[in-house]
Amino acid sequence: MDDMKDQKAKAATWFRDLRDQICAAFEALEDTQGEGPFSDQPAGRFEISDTKRDAADGSDAGGGLMSVMRGGRVFEKVGVNISTVYGTLGERAVAAMAGRKGLDGMKDDPRFWASGISLVAHMQNPHSPAVHMNTRMFWTPHGWWFGGGSDLNPCIEYAEDTAAFHAVQKQQCDKHDPDYYPRFKAWADEYFYIPHRNRARGVGGIFLDDHNTGDWDADFAFIQDVGLAFLMAFLPVTEKRRNAPWTEADKDTQLVHRGLYAEYNLGADPDNYFK
């Protein structure tokens, strides 16, 4: 397999473009927030910092941008991060990847390259749902694939919001393959399930990994639509709920749900072995 230099550049550029679109849209929400208990404070803005990754020998191993907004009118805290990293996978990761993906050649040539965007947003208003999104591309000399998705995490669920969020995911998936949405919805339902609580983290969305049909251009177009689906699905729900009146009991419900979110990330996330 070649090093896919052009495809890597296109993917990394797209993740940066998506990051720019999301940050601009979120700051626009902050600018237009004219109601609620936080409307008299300055509109939230992202603080941007460079991130850098070093290899074990101190050589360059990539990096990215961390964009964080805290204490906004609409967003209590949101992070939109991108990275492009490369180097050599450690022994543990090589063993996990070789076993999970059947890439036995990883043991002899453990080079990798990865680029992606990751987002988590927590809201001021308890009626406005939290959300998670990520999309990514991974390359090794032995294979490449895309992964990611988005899922909604309301502490106070509205059935119409859940339906609207899923409708956008389905619309974007159906543009590529009518089998995608049911398959990736089921994957998200399983992925974001907390076994010891016997419940899901939120109301789901879509999730996929190891996505490689053999047609890089088609798969890249699909992962772009997965990313675009995020704003298309999340912004209308946020517009609808960001000015809803809320009580201290609603806020307590939100804080309890955040504990559930953190519990999932620390204990139930299937990808914790990479963290």
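The preceding data block contains the structure.
Residues numbered from 1 in each chain as written. Predicted model: local features only at pLDDT ≥ 70, side-chain atom pairs only at ≥ 80, totals over all residues. Heavy atoms only, no water.

## Brief notes about the pairing of strand β5 (residues 130–140)
Residues in a regular strand project their side chains so that they alternate between the two faces of the sheet. Among the 11 residues that make up β5, 10 are buried, leaving the element largely enclosed by the rest of the structure. In the sheet, strand β4 (residues 111–123) pairs with β5 via nine bridges, with the strands oriented antiparallel. In the strand pairing of β5, V120 is matched with H132. Where β4 hands over to β5, the hairpin turn is made up of six residues, counted between the paired strands. Direction of pairing for β5 relative to strand β6 (residues 143–153): antiparallel, over a ladder of 11 bridges. Along β6, the bridge assignment pairs W139 with W144. (Buried < 20%, exposed > 50% of the residue type's maximum accessible area, 1.4 Å probe, protein only. Helix = DSSP H or I, 4+ residues; strand = E, 2+ residues; numbered from the N terminus. Pairing = 2+ DSSP bridges.)

## Some points on the packing of aromatic side chains
Overall, the coordinates contain 18 aromatic pairs when judged by the stated rule. Here W144 and F146 contribute two aromatic rings whose centre-to-centre distance is 5.9 Å and whose plane-to-plane angle is 75°, an arrangement assigned as edge-to-face. Grouping residues by exposure puts W144 and F146 together as buried. Among the aromatic residues, those joined into a ring-pair cluster are Y180, F184, W187, Y191, F192, F207 and F222. One Lys or Arg, K8, reaches over the ring of W139 and ends 3.7 Å from the middle of that ring. The ring of W246 carries the charged tip of K251 above its face, separated from the ring centre by 5.3 Å. (Phe/Tyr/Trp six-rings, centres within 6.5 Å; stacked < 30°, edge-to-face > 60°. Lys NZ or Arg CZ within 6 Å of the ring centre and 35° of its normal.)

## Some details on the nonpolar core
In this structure, I22, F26, F75, L119, M137 and F230 are the most contacted members of the largest nonpolar core, which totals 49 residues. Broken down by element, this core gets its largest block of residues, 10 residues, from helix α5 (residues 216–241). The residues touching I22, leaving out its near neighbours within four places in the chain, are V80, I117, L119, M133, F230 and L231. Judged by nonpolar contacts, the second largest core, of 11 residues, contains V94, M97, M106 and F112. (Core = buried A, V, L, I, M, F, W, Y, C linked by side-chain atoms within 4.5 Å. Contact = heavy atoms within 4.5 Å.)

## Comments concerning the packing of helix α3 (residues 159–174) against helix α4 (residues 180–191)
Where α3 meets α4, the axes come as close as 8 Å, and the angle between the chain directions of the two elements is 130°. Taken together, the axes of α3 and α4 lie oblique to each other. Viewed along their axes, α3 and α4 form a crossing whose handedness is right-handed. Along the contact surface, α3 presents H166, Q169, K170, C173 and D174, while α4 presents Y180, Y181 and K185. By residue class, the composition of the contact of α3 with α4 is three nonpolar, two polar and three charged. (Axes fitted to C-alpha atoms, helices over the stretch in contact; angles between N-to-C directions. Parallel < 35°, antiparallel > 145°, perpendicular 65-115°, else oblique. Left-handed = near helix turned anticlockwise from the far one by under 90°. Nonpolar A, V, L, I, M, F, W, Y, C, P; charged D, E, K, R; others polar.)

## Section: the sheet that holds strand β1 (residues 47–54)
Pairing in this open sheet of seven strands is antiparallel, and the strands run β1-β2-β3-β4-β5-β6-β9 from one edge to the other. Unpaired on one side and paired on the other, β1 and β9 (204–211) mark the two borders of the sheet. Averaged over all neighbouring strand pairs, the angle between strand axes comes to 10°, with direction disregarded. As judged from the seven bridges shared by β1 and strand β2 (residues 60–70), these two strands associate in the antiparallel manner. Note that in β2 the partner of D54 across the bridge is D60. In the packing of helix α1 (residues 5–31) onto the sheet, contacts are made with β1, β2, β3 (75–88), β4 and β5, and the angle to β4 comes to roughly 10°. Along the sheet, α5 contacts β3, β4, β5, β6 and β9; its crossing angle with β6, the most-contacted strand, is approximately 10°.

## A look at the environment of C155
Counting through the fold element by element, C155 comes out in the loop between β6 and α3. Linking C155 and P245, residues 90 residues apart in sequence, is a C-alpha distance of 15 Å. With near-sequence residues (within four places) excluded, C155 lies in contact with P126, T253, Q254 and H257.

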